[in-house]
Amino acid sequence: MIPAPRPASSALPASLPRAAGTFAALFLLALAAPEARSETPLGTVRVAQGLSLPLFVTSPPGDTARVFIVEQRGADQRGRIKILKGGAVLATPFLTTDPLSSGNEQGLLGLAFAPDYATSGRFYIYYTDSNGMVQIARHTVSADPDVANPTGTAILSIYHPFTNHNGGWLGFGPDGYLYAATGDGGSAGDPGDRAQNVDSLLGKMLRLDVSGPAYTIPPGNPFAGATPGRDEIWAFGLRNPWRPSFDRGTGDLVIADVGQNLREEIDFAPAGTGAGANYGWRCFEGTLPYASSATTPCGSCTVPACTVFPVYEYDHTLGRCSITGGYVYRGCAIPDLNGQYFFADYCGRQIYTGRFQSGSFTGLRERTADLAPGGGLTIGNITSFGEDARGELYFCDQNGQVFKIVPVAPLLESDMPALRARTALGDTLGSTSPGNALVTGVTPFADPGSRIRGVGYLRNAVLRDCSGLSGGCLTAHARLDPFDIELRACVDSAGATLTRQFVFTNTAASSRPLAYVDVVTPRLRNEPNSSVVASPGSPGHTAVLVQSNSISPDRWIVHSGSGSAGVAASADVDTISELTARVAADQPFGGDGSAGPADVGMALGFDFGSVPPAVPETVTVVTRLTASAPTGVPVGGPLPSRGELRILSRVPFEGNLRLELYLMSSGPVSLDIFDPAGRRVRTLERGDMPAGRRLYSWDGRLESGTHAPSGVYFIKLRTDGGALMRRVVLLR
Ligand SMILES: [Ca+2]
Ligand SMILES: [Ca+2]
């Protein structure tokens, strides 16, 4: 179990003073500032049970299909990593370690996937081996993505004198370096005075560059090189850091450090800071003086400027005895929890939230009752929190259970960038980087009747993905204060249409203005004048845009939409340079001055005027591809006599697109993927091939390895006997 009951400390003075413990913000042009809203009720669902001492939960970056659970130790003393996938824990572990040491704080303690795990397959584990040594090792995934190669490579070994206080957290920082939190070596009161000793790796936060075969010291490590102290150390003065984390939204580092007998604490380092920080132990337990140190680089424990005190500490009342650190919530299922840090006490089983603000921790709130799972289930001693690829939070307990924190009424699952990315078929306008997300799917505009003025974006928006994809339909739920938005987008292969329906509901107490602009940048023919604009109908009716397609000029896209009664519609077409200029003039957004790679921008606007509270307003937009179905249908022309290409996956596809190539006779072949602008984005095959059948899959990535945006792509097979194309739709 984690952690051990602590022996009473003889170093503790008899009397000590009790220290005092001390939806994304949307940027809207036309709408009023967001109003205070009632908070989403929280709940807990059990997602796994029957595990053997689970004590960590994580996912590889971008892997929204799987959650990995660390088992500290089984009856055979082996640690395991198991995969939760499709609602069940897979029978075959992802990884099984050798037998480990069996102290109740020992075993397999940490797991971190490399930021480039999708391509490198590298991940790192932290464990105590059968001799009690702390080991950090690198492993790699096997050809089966659900199974790791069993044999790892030792990265770092640290002698550990006692069985307790092993630390055990691993995590990659926003700087790409691996951070590892070690404990002070154990026993009680840090008898070896190791946490203050910068020649020891114990009681430290370490920072390693693991991008090469062996680790190297990142530039900027405070004790690197000739500076006295171990080069690996990032920060020191920690007792038993149990579950630090990086805030995925800000890059801030949070360290929960388990105290001795009086104080549990949370240390905080804003992003880009914290090098060489002395978090105080064993000079201080929390803010309470604890003991002297013969090794502190400060020369003495009484140099206050030398110690970074916790931003929050609590005492051992209420049955509390050991902090379990968690995460700053950055998921999308519970937007009003954005920025709230979750943590728990292992012994008292309380769960709390609060917010890091201007160097302090504010708004502490107990969530234990909120998160009671009900249904006869009880939460045991909480050993860890976890964060999945979407930023949703989990926690696990010593009874073998893993719980997920969920909204009781999951109405709001997505913010706007995700909505845009998932729905704008063929539309890559705008960056999907946090803080730079153009909102082209739904956006208010300032001046009714103006052109694209009012293309909106979410200031500080974080790209998240809680959308649901079922059949050919995507559903998403968003909030653009004060409007709730329900989205349903469906691809009809037979009808060759994409139908998007938005239902806006004003949640404010009074009427509010609402306007909707649908910006489409289909990157059609390269010359803007090829666009044909059919004038919008009279107010309250339909607007139609027609453009030809650069890939196949004989085909046409008809973009039409209609609003409810009294809605004014307008339509407009811009070249990309005009669009960029408009966007830059209206809403400059940091770090990305380009509206996107599109050649032509089209905008279709609906102005609802002033919308009363609680009246659903609906917009339906149909994008029709008149000459071909949007799914796997040959683009046209005679098929090459010597080859055939079939799409095996259901389209639109989300993960892997499976293809079957059949060649009648051997010869040169190229198999490439193009975007709608005709640019080759990925090559799957190039060279001579024998006759016969061969399977391929496209993982939805560009040649650079990054994820291709949602949209239309063309798979082009070229043989010496001709070429053919298949059209597919990728939805993220
Ligand atoms: Ca050094
Ligand atoms: Ca401290």
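Residues numbered from 1 in each chain as written. Chains lettered and ligands numbered in written order. Predicted model: local features only at pLDDT ≥ 70, side-chain atom pairs only at ≥ 80, totals over all residues.

J.: Looking at this model, I keep getting lost on the overall build of the protein chain. Mind explaining?
T.: Within the protein chain, the secondary structure is distributed over 3 helices and 47 strands. For the protein chain, with 732 residues in total, the buried portion stands at 50%. (Helix = DSSP H or I, 4+ residues; strand = E, 2+ residues; numbered from the N terminus. Buried ≥ 20, exposed ≤ 12 C-beta atoms within 10 Å, placed from the backbone.)

J.: How should the pairing of strand β27 (residues 402-407) be read in this particular structure?
T.: Remember that side chains alternate between the two faces of the sheet whenever the strand is regular. By the criterion of burial, β27 is predominantly enclosed, with 5 of the 6 residues buried. Relative to β27, strand β1 (residues 42-48) runs antiparallel, the two sharing 6 bridges. Its bridge partner lying in β27, V45 is registered against K404. Here 3 bridges tie strand β26 (residues 393-397) to β27, and the two strands are oriented antiparallel to one another. Following the sheet pairing, C396 is matched in β27 by V402. The antiparallel pairing of β26 with β27 creates a hairpin that spans 4 residues between the two strands, and G400 there sits at a positive phi of about 85 degrees. (Pairing = 2+ DSSP bridges.)

J.: So what exactly am I meant to see when it comes to the sheet that holds strand β15 (residues 245-246) here?
T.: The strands making up a sheet associate through hydrogen bonds between their backbones, and the pairing can be parallel or antiparallel. Spatial strand order, β15-β16-β17-β20: 4 strands in an open sheet with antiparallel pairing. The sheet is open, and its two borders are formed by β15 and β20 (312-314), each paired with just one other strand. Sheet topology places strand β16 (residues 253-257) next to strand β17 (residues 264-269); 5 bridges connect them, and they run antiparallel. Across the sheet, I255 pairs through a bridge with D267, a residue of β17.

J.: Quick question: what am I supposed to make of the nonpolar core here?
T.: Residues I69, L111, L178, A180 and Y394 are the most contacted members of the largest nonpolar core, which totals 104 residues. Residues I673, W698, Y713 and V728 belong to the second largest nonpolar core, which totals 18 residues. (Core = buried A, V, L, I, M, F, W, Y, C linked by C-beta atoms within 7 Å.)

J.: What should I look at first to understand the environment of N197 in this one?
T.: Inspection of the secondary structure assignment puts N197 in the loop between β12 (178-181) and β13 (204-208). Among the residues examined, N197 registers 23 C-beta atoms within 10 Å and is labelled buried. Put simply, N197 and P297 are 100 residues apart on the chain and 7.4 Å apart in space, counted from C-alpha to C-alpha.

J.: Whenever I open this one, the sheet that holds strand β21 (residues 323-324) confuses me. Can you help?
T.: Taken together, 4 strands build an open sheet; the order of strands is β21-β22-β23-β24 and the sheet is antiparallel. Either end of the sheet is taken by a strand with one partner, and the two such strands are β21 and β24 (360-366). The pairing of β21 with strand β22 (residues 340-345) spans 2 bridges and is antiparallel. Bridge pairing in β22 links T324 to A344.

J.: Where do I start with the confidence of the model for the protein chain in this structure?
T.: Caution applies to low-pLDDT regions: their predicted coordinates should not be interpreted in detail. Taken over all residues, the pLDDT of the protein chain has a mean of 75, while the share at 70 or more is 65%. Note on residues 1-38: pLDDT under 50 across the span, and 87 contacts to partners over four residues away in sequence or across chains. (pLDDT = per-residue confidence, 0-100. Contact = placed C-beta atoms within 7 Å.)

J.: I keep staring at unusual backbone geometry and nothing clicks. Help me out?
T.: Glycine aside, the phi torsion of most residues is negative, and most peptide linkages are trans. Across the junction of W281 and R282, the peptide omega takes the value 5 degrees, indicating a cis bond. One can find R282 in the loop between β17 and β18 (284-285). Within the chain, D193 stands out as a residue other than glycine whose phi angle is a positive 55 degrees. As for its position among the elements, D193 is in the loop between β12 and β13. In this structure D193 comes out as buried when scored by C-beta crowding, with 20 C-beta atoms within 10 Å. The backbone of R349 shows a phi angle near 65 degrees, a positive value even though the residue is not glycine. Mapped onto the fold, R349 is located in the loop between β22 and β23 (351-357).

J.: So what exactly am I meant to see when it comes to the environment of L288 here?
T.: As for its placement among the helices and strands, L288 is situated in strand β19 (residues 288-289). Sequence separation of L288 and F309 is 21 residues, and the distance between their C-alpha atoms is 9.7 Å.

J.: So what exactly am I meant to see when it comes to the environment of V503 here?
T.: With respect to the helices and strands, V503 occurs in strand β33 (residues 497-506). Between the C-alpha atom of V503 and that of V615, which follows or precedes it by 112 residues, the distance is 9.7 Å. Once residues within four sequence positions are removed from consideration, V503 is found in contact with I485, E486, P616 and T618.

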